[in-house]
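Residue-level structure breakdown
Each chain is listed here by its residues.
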There are 2 protein chains.
Amino acid sequence: MEKDFGSMAALIGDPVRANILWTLLDGRAYTASELAIGVDTSAQNLSMHLGKLIKAGLLSVEIQGRHRYYTFSRPEVAYAVESLAGLLPARPATTTASADLPIRNCRTCYDHLAGRVGVELTESLVRQKLITRSANDFVVSKKGNRWFGQMGIDCEALRQQRRGFARACLDWTERRPHLAGSLGAALLQKMLDEHWLRRMANTRAVLVTPKGQKMLSELFR
Amino acid sequence: MEKDFGSMAALIGDPVRANILWTLLDGRAYTASELAIGVDTSAQNLSMHLGKLIKAGLLSVEIQGRHRYYTFSRPEVAYAVESLAGLLPARPATTTASADLPIRNCRTCYDHLAGRVGVELTESLVRQKLITRSANDFVVSKKGNRWFGQMGIDCEALRQQRRGFARACLDWTERRPHLAGSLGAALLQKMLDEHWLRRMANTRAVLVTPKGQKMLSELFR
DNA sequence: GGAATAGTTCAGCGCAGAATGAACTATAAA
DNA sequence: TTTATAGTTCATTCTGCGCTGAACTATTCC
C-alpha cells in the first residue's frame, strides 16, 4: 500500500504532469496539442506523460476524429489536486514588482487573452453591454453581434464550432473572469493579426504595441 | 502559481518523502531514526528529505533533548495525503482476506477515525440528522449540538480553533467521506478515553473493545 | 490521390536530484 | 573524562526518468 501511495505521489510529482492536472482543473476537456501549448513542452513528451496519467486511471480520453480530448476520469482527481494546492504557503503579499511582470499584465490563456489586460477588456465589453455574464459563459447581445461583426468576427460561424463559444475563464492572477472560448480566441487572433498585440517568444506573455495601446484605449475605455 | 503547484507536487512525489508522509498519517510524532527504519533508508538521506519537508512547511519539529520529533505541521497535510491515496485504482477483486484486515476495518487517519467503522459512524450521524454534508464540510444541527454535548464534546469551543471544525475527509478504502476536523478528532479522543477503542502498536489500526462494540451499535445503529 | 494536421512510439542522450561516505555537533549515559 | 547515541552537513557519485529527434499511424481537407 505504501508502495502504491509512493508511486501515485511520484506520478503527480512531475512538473509537466502537475501542470497538466493544473490545466485540467477548469473541468474542460483538452486535446493533446492544447495541453502541449499550455504546459509548454513537446508533443511527444506530452504524449508520454498523458499515457502515464491514463494508465494510472487519473485521466480519460475521448477520441473524436483525429482529436483526443483529455479530462479527469473522476472528480476525486480534481479534489486531490485542489487539496495539494491548498498546502501551498499563503501568498506573501504580492509586491509591486511582481504585480508589474508582463506575464501578470498581459498573456494568453491557451488561445485567448488573459491577465490584467484580458480581464479589463472583458469587463469593458460587459460595461458596453456587448456581452453579459451567464454562469460560466458570456452571452453576446445583438449590439455585441454587430460590434464583433465590424471587427471582422463572425459570431454565427464561431457558434458552429464544437468548443465553447464564449466561455468565462477564471484568471488566476486577477481572480476575475475573462472572455474565452472560440470568441475569445477569435478576438485574440484579430488583435494579433492587426498588430495590436505581439506574442513574445517562449512565454505566454503578450506585448501591447503602440498601435494596440491607441486602439485598445479607444475601444475599451 | 502553476510553478508553485508543480514544486509542491514534486516535493510529495519522491518515494522516500511519500513514505514519510504515509507513516506520519497516524498522527503520532516520530523521531528521525524511527522514520529512517520505517521508510528503510540511511539517516543522512532521511535527514535531507525531512529538511525539505520542513522548509516547505509540511512538517514541524519539536526538539526534546537529543531527539527530534517530526509531525505534520497542520491537519490539511494529512487530508491531502489521504486524498492522494484515494486516487489509487480500485483494488482488483478485494479478497475476503484483505477486506477483513483490521487496517481496512477500523483505523485512524491522523487524529480522527477512518476505515469502515469511521465511515459508517459518520453515515449514521447523517441518518440521525445530527450532521449534514455541505461541500467539503459537515454542518452540525441543533440536535447534533445537544448530542455532542451529552457526549462531553463542546462544539462551540471546538469551533474557536484555527483548524477546520467538521471536515469531510475522503476515505481511501471505503471511498466515502468520514468525519474529520477538530470535531472528528474530539470524537476519536472521547472514544479512546472511554475505552471503546484502543490503539494498536506501530500501526494505524484501532481495536474495538467489547464495551465499544456495545456502545457503538447502541449509538450508531 | 496527395498534403496537412493530430497524435503516438521508440532509441539514445543528458541531467537534476537522490543516495552514499566521511566528518561534524550535540546530548546522554558510564 | 570517555563512549555511545541522535542527528545534521557537505562533497561526491550515481542513476532513473524526462526530453529530444526521427519515424510511424490515423484522420481530415483539398
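Small disclaimer: the values here were computed from a predicted structure and weren't measured.

Some thoughts on the sheet that holds strand β3 (residues 67-72) of chain B
Residue and element names in this part refer to chain B.
- The strand order across the open sheet built from three strands is β1-β3-β2, with neighbouring strands paired in antiparallel fashion. Both edges of this open sheet fall to β1 (30-31) and β2 (59-64), since each of them pairs with a single strand only.
- Sheet topology note: the β2/β3 ladder contains six bridges and is antiparallel. In the sheet register, Ile63 faces β3, and the bridge partner there is Arg68.

With respect to the interface of chain B and chain A
- Facing 29 residues of chain B, the contacting portion of chain A comprises 28 residues.
- Roughly 3000 Å² is buried in total at the junction of chain B and chain A, and carbon and sulfur atoms are behind 74% of that figure.
- Between chain B and chain A we count zero salt bridges in total.
- On the surface where chain B and chain A come into contact, there are two residue pairs in polar contact (both at pLDDT 80 or more).
- When contributions to the side of chain B that touches chain A are tallied by element, the ones reaching two or more residues are α1 (2-12), α2 (15-24) and α5 (75-85) of chain B.
- When residues in the side of chain B that touches chain A are grouped by element, the largest group, eight residues, is from α1 of chain B.

Topic: the nonpolar core
- Ranked by size, the top nonpolar core spans 63 residues in total, and within it Ile12 and Ile20 of chain A together with Ile12, Ile20 and Phe72 of chain B carry the most contacts.
- Sequence-distant contacts of Ile12 of chain A, defined by excluding residues within four places in its chain, comprise Ala18, Leu21, Leu58 and Leu84 of chain A together with Ala9, Leu84 and Leu87 of chain B.

Description of the confidence of the model for chain A
Residues and elements named next belong to chain A.
- Predicted confidence across chain A gives a mean pLDDT of 80, with 79% of residues reaching 70 or more.
- Per-residue pLDDT, averaged within each element of chain A, yields its smallest value for helix α6 (residues 96-99) (51) and its largest for helix α4 (residues 43-55) (94).
- When the criterion is pLDDT under 50, residues 91-96 qualifies, and its contacts beyond four places in sequence or with other chains add up to three contacts.

So, how was this worked out
- Residues numbered from 1 in each chain as written.
- Chains lettered and ligands numbered in written order.
- Predicted model: local features only at pLDDT ≥ 70, side-chain atom pairs only at ≥ 80, totals over all residues.
- Heavy atoms only, no water.
- Pairing = 2+ DSSP bridges.
- Helix = DSSP H or I, 4+ residues; strand = E, 2+ residues; numbered from the N terminus.
- Contact = heavy atoms within 4.5 Å.
- Buried area = accessible area lost by both parts, 1.4 Å probe.
- Salt bridge = Lys/Arg side-chain N within 4 Å of Asp/Glu carboxyl O.
- Polar contact = N/O pair within 3.5 Å; in protein donor to acceptor, adjacent residues only side chain to side chain.
- Core = buried A, V, L, I, M, F, W, Y, C linked by side-chain atoms within 4.5 Å.
- Buried < 20%, exposed > 50% of the residue type's maximum accessible area, 1.4 Å probe, protein only.
- pLDDT = per-residue confidence, 0-100.

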